[in-house]
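Here's the letter readout for the chains.
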Amino acid sequence: MRVVISGSSGLIGTALVPHLRGRGHEVIRLVRRTPQAPDERGWDPPSGRIDDGALDGADAVINLSGAGIGDKRWSGARKQELRDSRTIPTDVLARAVAAHGIPVLVSGSAVGFYGDTGQVAVDETGARGRGFLADLCRDWENAAAPATEAGARVVTIRTGLVLSHSGGLMGRIKPIFQFGLGGKLGSGEQYWPWISLDDEVGAITHALEHDTVSGPLNATGPAPVTNAEFTRVLASTMHRPAPWLVPGFAMRAVLGEFADEGVLVSQRVMPGVLEEQGYTFQHQTLQAALSAVLE
């Protein structure tokens, strides 16, 4: 297929592009600067501009646009930036998909859609939760409506905590554990819906290549664990102690509102669609995923 991708320079995009090319797909990357390579095309989401011909002959569009959720403390302005960086590009691409008659749009979302699920396991049939991230994910997914209304097959990838060699969650906590400063966050009883980068890429590829998939798809591993278990397995894999406990009030003091919605929240999210579709996870357990990214 000829696949047009936005957000190709991010954590997921930099792994997805070579993977798709390895499977024989042609990849065109949308960039916000002046294109400098034969596979690049320019676009400017705030103005709604996409270079002429960028979508010609496209069989699918993959939308990975969005500013980092936990990169900065949430102010009113930052929340608006997080929303705009997702809904505006998604709307622009969805309208372009509709205008060009492109049959497939795979667009980003997140497990934040479900809010705090406590100890209850949820799959794609779960209801939307409460909070800023739940509302953000709703609006993010709804921005793809023009493509759905035009008859395109639209898949929204509700991504969990992506584990990779560098960057993302591991880029932040690996140095802490290396110095023996790791530990539980809050009660440690909150579920963390992890997924390896390899399986994140695999889930997106599955959504792209299988016309039986549409609507929401949870990109999470098949065995979510609590933060306490995550801490134990990571410390064991790195051969480091993790004796500390960071209380919730300290997390809130440092991270503000993001602490409750992004760190202390419990999300026992299951990959129902992937499992129903017979997707084979490269990393079935947290131990396998961490061993792979830490080798």
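What you see is a predicted model, and the numbers here were worked out from it, not measured in a lab. (Residues numbered from 1 in each chain as written. Predicted model: local features only at pLDDT ≥ 70, side-chain atom pairs only at ≥ 80, totals over all residues. Heavy atoms only, no water.)

**Student:** Where do I start with the pattern of salt bridges in this structure?
**Tutor:** Note that side chains of opposite charge can pair when their charged atoms are close. Considering all chains together, one arrives at 18 salt bridges under this definition. The shortest N-O distance in the salt bridge between Arg95 and Asp91 comes to 3.0 Å. With Arg95 and Asp91 both in helix 2 (residues 76-100) and four residues apart, the pair spans about one turn of that helix. We classify Arg95 as exposed; its relative accessible area is 51%. Judged by relative accessible area, which is 25%, Asp91 ranks as partly exposed. Taken together, the shared-partner salt bridges in this structure form one network comprising Arg21, Arg29, Arg33, Asp39 and Glu40. (Salt bridge = Lys/Arg side-chain N within 4 Å of Asp/Glu carboxyl O. Helix = DSSP H or I, 4+ residues; strand = E, 2+ residues; numbered from the N terminus. Buried < 20%, exposed > 50% of the residue type's maximum accessible area, 1.4 Å probe, protein only.)

**Student:** In this structure, what is going on with the sheet that holds strand 8 (residues 153-159)? I would like to understand it.
**Tutor:** Two modes of strand pairing occur in sheets, parallel and antiparallel, and in both the strands are linked by backbone hydrogen bonds. Taken in spatial order, the eight strands line up as 4-3-2-1-5-6-8-13 in an open sheet, and their pairing is mixed. Either end of the sheet is taken by a strand with one partner, and the two such strands are strand 4 (49-50) and strand 13 (215-219). Bridge count for strand 1 (residues 2-6) against strand 5 (residues 60-63) is four bridges, and the pairing is parallel. Bridge assignment links Ser6 to a residue of strand 5, and that residue is Asn63. Contacts between helix 1 (residues 11-22) and the sheet are confined to strand 1, strand 2 (26-31) and strand 5, with strand 2 contributing the most and set at about 155 degrees to the helix. (Pairing = 2+ DSSP bridges. Contact = heavy atoms within 4.5 Å. Axes fitted to C-alpha atoms, helices over the stretch in contact; angles between N-to-C directions.)

**Student:** Where do I start with unusual backbone geometry in this structure?
**Tutor:** Residues apart from glycine generally show negative phi values, whereas peptide bonds are mostly found in trans. For His239, which is not glycine, the phi torsion reads 60 degrees and is therefore positive. With respect to the helices, strands and loops of the structure, His239 is situated in the loop between helix 7 (227-238) and strand 15 (244-246). Look at His239 and you get exposed, because its relative accessible area is 67%.

**Student:** Is there a simple way to think about the packing of aromatic side chains in this case?
**Tutor:** Each aromatic ring pair is described using two quantities: the centre-to-centre distance and the angle formed by the ring planes. Throughout the structure, instances matching the rule amount to five aromatic pairs. With centroids separated by 5.1 Å and ring planes inclined at 65 degrees, the aromatic side chains of Trp74 and Phe132 adopt a geometry described as edge-to-face. You can see Trp74 sitting in the loop between strand 5 and helix 2 and its partner Phe132 sitting in helix 3 (residues 132-142), a full 58 residues away along the chain. Across this residue pair, the class does not change: Trp74 and Phe132 are buried. Consider the rings of Phe113 and Tyr114, whose centres lie 5.3 Å apart with planes at 85 degrees: the pair is edge-to-face. Overall, Phe113 belongs to the buried group, its relative accessible area being 10%. Taking the relative accessible area as the measure of exposure, Tyr114 reaches 3% and is therefore buried. (Phe/Tyr/Trp six-rings, centres within 6.5 Å; stacked < 30°, edge-to-face > 60°.)

**Student:** How should I be thinking about the UniProt feature "domain: DUF1731" (unreviewed entry) in the protein chain in this particular structure?
**Tutor:** In the numbering used here, UniProt assigns the "domain: DUF1731" (unreviewed entry) feature to residues 246-292. Secondary structure over residues 246-292 splits into 57% helix and 6% strand, and the C-alpha atoms at its two ends are 27 Å apart. (UniProt positions renumbered as here; feature names shortened; annotations may be inferred.)

**Student:** Whenever I open this one, helix 6 (residues 197-209) confuses me. Can you help?
**Tutor:** Because an α-helix completes one turn every 3.6 residues, residues spaced three or four positions apart along the sequence face the same direction. Given a rise of 1.5 Å per residue, 13 residues ought to cover 18 Å, and the 18 Å separating the end C-alpha atoms of helix 6 matches this to within 8%. Burial within helix 6 is extensive, with 11 of its 13 residues counted as buried. Turning to helix 6, its buried residues number three or more, namely Leu197, Asp199, Glu200, Val201, Gly202, Ala203, Ile204, Thr205, His206, Ala207 and Leu208. (Expected span 1.5 Å × (residues − 1).)

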